[in-house]
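# Results of the structural survey
Each chain, written out:
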Amino acid sequence: MPVTTDFLSNKIQIRSNYGLVNGKDVIKSKTYSNLKASAGNDDIYAVAAALATLQAPTLEEVVKIESTLLIPGV
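For every chain, the first residue of its written sequence is number 1, and the numbers climb from 1 along that sequence. This being a predicted model, a pLDDT of at least 70 is required before a residue's local features are given, and a value of 80 or more before pairs of side-chain atoms are given or counted; all residues contribute to the totals for chains, interfaces and linings. For side-chain calculations, the full set of non-hydrogen atoms in the structure is used, while hydrogens and water are omitted.

### A look at the UniProt feature "domain: DUF1659" (unreviewed entry) in the protein chain
Definition in use: UniProt positions are given in the numbering used here, feature names are shortened, and annotations may be inferred rather than shown by experiment. A run of H or I in DSSP counts as a helix once it spans at least four residues, and a run of E counts as a strand once it spans at least two, with each numbered from the N terminus.
When the UniProt feature table is mapped onto this chain numbering, "domain: DUF1659" (unreviewed entry) sits at residues 3-71. As annotated, residues 3-71 has a helix share of 19% and a strand share of 62%, and its two end C-alpha atoms lie 6 Å apart.

### Quick notes on the pattern of salt bridges
Applied cut-off: Basic side-chain nitrogens of Lys or Arg form a salt bridge, by our definition, when they fall within 4 Å of a carboxyl oxygen of Asp or Glu. Buried residues are those whose accessible area, probed at 1.4 Å on protein chains only, stays under 20% of the maximum for their type, while exposed residues exceed 50% and partly exposed ones sit between those limits.
All chains considered together, the criterion is met by two salt bridges. Arg15 is the salt-bridge partner of Glu61, the closest N and O atoms lying 2.8 Å from each other. Here the residue Glu61 occupies a position in strand E3 (residues 58-72), and Arg15 occupies one in strand E1 (residues 3-21), the gap between them amounting to 46 residues. The class of Glu61 is partly exposed, set by a relative accessible area of 36%. Overall, the relative accessible area of 28% leaves Arg15 in the partly exposed class. Between Lys64 and Glu66 there is a salt bridge, and its shortest N-O distance comes to 3.1 Å.

### Here we look at the nonpolar core
Stated formally: Throughout, nonpolar core names a set of buried Ala, Val, Leu, Ile, Met, Phe, Trp, Tyr and Cys residues whose side chains join them through atoms within 4.5 Å. Residues are treated as being in contact if the distance between any of their heavy atoms lies within 4.5 Å.
Listed in full, the six residues of the largest apolar core are Ile12, Ile14, Leu35, Ile44, Ala48 and Ala52. Sort the elements by how many residues they give to this core and helix H1 (residues 41-53) lands first, with three residues. Residues within four places of Ala52 in sequence aside, it is in contact with Ile14, Pro57 and Leu59.

### Here's the deal with the sheet that holds E1
Put simply, the rule is: If DSSP finds at least two bridges between two strands, the strands pair. Lines fitted to the C-alpha atoms define the axes, with helices restricted to the stretch that makes contact. Angles between their N-to-C directions range from 0 to 180 degrees.
Strand order in the open sheet formed by three strands is E2-E1-E3, with antiparallel pairing between adjacent strands. Edge positions in the open sheet fall to strand E2 (24-33) and E3, since each of these has one partner strand only. The sheet shows a mean angle of 30° between the axes of neighbouring strands, direction not considered. One ladder, built from nine bridges, connects E1 with E2; its direction is antiparallel. Considered in E2, the bridge of Ile12 is made with Tyr32. Against the sheet, H1 makes contact with E1, E2 and E3, and its axis sits at roughly 135° relative to E3, the strand it touches most.

Written out as structure tokens, the structure is:
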């Protein structure tokens, strides 16, 4: 049974390091949605890095979240 896919959405999650608190790293994340399906990974990272410079903590990592609907074939 072939399965087809249908694009739903792209999001990025920016994880920032707020430093040590009681000996543990404090990592907080912020998610931005409504990315274009055609946006390239380099462009997405550049935007995330630019957004991270507007925040006080340091950028830890950038995560791209892709949602796709799987449609079973008949």
